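An overview of the molecular structure
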Amino acid sequence: MTERLIYIGMSADIVHLGHVNIINTANKLIAENKADRLVVGLLTCEAIESYKRKPIVAWEERKQLLLAFKGVETVVPQDTLDYELNLRQCKPVFCIHGSDWNDPTSAQYATRQKVIDTLAEWGGKLIEPEYTKGISTTQIIDEIASRCNA
């Protein structure tokens, strides 16, 4: 029997509650026997730099942090913001991403549609839990900077 995978792409530069909520969504699907294993596609430093800034935490350290989470057994590099290559390699039954990219004005909206189209080729589905409001890596960095400058 083919292993039923879940794929999550993330930067996880500074891990926060939003990341935990996404991983917990995957763990729930596994507990409900809808999938067997979670694969995290961790954006490389170059991928992160291509759209925001140089990461604070190196890729290998981010990988080790994610592997410490319950349910995270496999972390693979995601070399670009485009999920397609990794999705085609693991052919997940589910891909999970927060609902923040489900806005036509979002810079990630086209990527979202490509994920949906790619998953549809083998019957995979996109799961979009509600975005965890009030927390992001950028907000954390900004808060630290404001406290240092105060």
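Reference entry: report on the structure contained in this document. Note that the structure is a prediction, hence the values are computed from the model and not measured. (Residues numbered from 1 in each chain as written. Predicted model: local features only at pLDDT ≥ 70, side-chain atom pairs only at ≥ 80, totals over all residues. Heavy atoms only, no water.)

**Thoughts on the sheet that holds strand E2 (residues 37-43)**
Test applied: Note on pairing: DSSP must find at least two bridges between two strands before they are called paired. The numbering of helices and of strands both runs from the N terminus, where a helix is a DSSP run of H or I of at least 4 residues and a strand a run of E of at least 2. Here an angle of 0 to 180 degrees is reported between the N-to-C directions of two axes, which are lines fitted to C-alpha atoms, with helices fitted over the stretch in contact. Whether two residues are in contact is decided by their heavy atoms: any pair within 4.5 Å suffices.
What the five strands build is an open sheet, ordered E3-E2-E1-E4-E5; its pairing is parallel. Every other strand in the sheet has two partners, leaving strand E3 (72-78) and strand E5 (125-127) as the edge strands with one partner each. Neighbouring strand axes in the sheet, compared pairwise and without regard to direction, differ in orientation by 25° on average. Relative to strand E4 (residues 94-96), strand E1 (residues 5-10) runs parallel, the two being bridged by three bridges. The residue bridging isoleucine 6 from the neighbouring strand is phenylalanine 94, located in E4. In the packing of helix H1 (residues 17-31) onto the sheet, the strands contacted are E1, E2, E3, E4 and E5, and the crossing angle to E1 comes to about 175°. Strands in contact with helix H3 (residues 59-67) are E1, E2 and E3; relative to E3, the strand with the most contacts, it is inclined by about 155°.

**Structural notes on the packing of aromatic side chains**
Geometry of an aromatic ring pair is reported as the spacing of the ring centres plus the angle between the planes. Note the threshold: Each aromatic pair joins two rings of Phe, Tyr and Trp (for Trp, the six-membered one) with centres within 6.5 Å, and gets the label stacked for planes under 30 degrees apart, edge-to-face for over 60, and tilted for any other angle. The rule is simple: take the accessible area with a 1.4 Å probe, protein chains only, and divide by the maximum for that residue type; under 20% is buried, over 50% is exposed, in between is partly exposed.
What the rule picks out here adds up to two aromatic pairs. Considering the side-chain rings of tyrosine 7 and tyrosine 83, the 5.9 Å spacing of their centres and the 70° angle between planes classify their relative orientation as edge-to-face. Pair noted here: tyrosine 7 is in strand E1 and tyrosine 83 is in the loop between E3 and helix H4 (84-90), with a separation of 76 residues, a long-range link. A relative accessible area of 0% means that tyrosine 7 is categorised as buried.

**What to know about the environment of isoleucine 96**
The residue isoleucine 96 is located in strand E4 in this model. Using a relative accessible area of 0% as the deciding quantity, one classes isoleucine 96 as buried. Residues isoleucine 96 and alanine 12 lie 84 residues apart in sequence; the distance between their C-alpha atoms is 14 Å. Apart from the residues lying within four places of it in its own chain, the contact partners of isoleucine 96 are Ile6, Tyr7, Ile8, Gly9, Ile22, Thr25, Ala26, Leu29, Ile127 and Pro129.

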